[in-house]
Amino acid sequence: MFFMAVLQIRKFPDPVLRRKALPVEEINGNLQHLIEDMIETMHDAPGIGLAAPQVGVSKRLIVVDVSHKEDHPLIVLLNPEIIDAEGKIDSEEGCLSIPGYVTTIRRSERVFVRGLDREGRPVEIEAAGLLARALQHEIDHLNGILFIDRMSPIKREFFKKRYLRKTRV
Ligand code: NI
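What you see is a predicted model; the values in this text were computed from it and never measured.

I'd love a proper account of the packing of aromatic side chains, names of residues and values included.
A full pass over the atoms with the stated rule returns five aromatic pairs. Taking the centre distance of 5.8 Å and the plane angle of 50° together, the rings of Phe12 and Phe159 count as tilted. One end of the pair, Phe12, is in the segment before helix H1 (29-44); the other, Phe159, is in helix H3 (residues 153-167), with 147 residues separating them in the sequence. Residue classification places Phe12 among the buried positions, given a relative accessible area of 9%.

How would you sum up the nonpolar core? Please name residues and give values.
Counting 17 residues, the largest nonpolar core has Ile62, Val64, Leu77, Ile125, Ala127, Leu131 and Leu135 as the members making the most contacts within it. Contributing elements (two or more residues each) for this core: strand S2 (61-64), strand S3 (75-93), strand S4 (103-116), strand S5 (122-128) and helix H2 (129-142). A total of six residues in this core trace back to one element, the largest contributor, which is H2. Filtering out sequence-adjacent residues up to four positions away, Leu131 remains in contact with Val64, Val66, Glu70, His72, Ile75 and Ile125. Counting 15 residues, the second largest nonpolar core, distinct from the first, contains Ile35, Ala52, Val55 and Leu61.

So, the pairing of S2: which residues are in play, and what are the values?
Here S2 shows two buried faces, one formed by Leu61 and Val63 and the other by Ile62 and Val64. Of the pairings in the sheet, the one linking strand S1 (residues 49-51) to S2 comprises three bridges and is antiparallel in character. Within S2, the position partnered with Leu50 by the bridge is Val63. Relative to S3, S2 runs antiparallel, the two being bridged by four bridges. Note on S3: the bridge partner recorded for Ile62 is Leu77.

Definitions and cut-offs
Residues numbered from 1 in each chain as written. Predicted model: local features only at pLDDT ≥ 70, side-chain atom pairs only at ≥ 80, totals over all residues. Heavy atoms only, no water. Phe/Tyr/Trp six-rings, centres within 6.5 Å; stacked < 30°, edge-to-face > 60°. Helix = DSSP H or I, 4+ residues; strand = E, 2+ residues; numbered from the N terminus. Buried < 20%, exposed > 50% of the residue type's maximum accessible area, 1.4 Å probe, protein only. Core = buried A, V, L, I, M, F, W, Y, C linked by side-chain atoms within 4.5 Å. Contact = heavy atoms within 4.5 Å. Pairing = 2+ DSSP bridges.

Rendered as structure tokens:
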């Protein structure tokens, strides 16, 4: 039995958010514990997705829960990869690591993702809608990419000036 804990969410510009995360190679009790804590942290925030680097662990692990909006159960994915993508769609997006900022981001409309479930079994997910967006956002985190990197350079400069000024202590 695990005691679940809400972990501290790393905030931009924490350098761990910019690192390329390493593949999960061993499935053990520590990993299961981390997964439970990440689910707890995501629900507590509340958010619809969380990637391990956001809790300071540079590993290729994501959790996604869009069940409040779409008919899909909670997803835990190890070493996820986008195999195929089609269409483009603009939608508003935010990130638990950049609190208080929401902007429109263009992403693929549908994606086909491959990875492993928490027991290490291969899984394939075909996603559209909010799930497709959340998967792309979380997989970006594993490559050190934040949603602000996907806006226009002018918008990004404007964001940096305002956001960093606001968060400076
Ligand atoms: Ni995020």
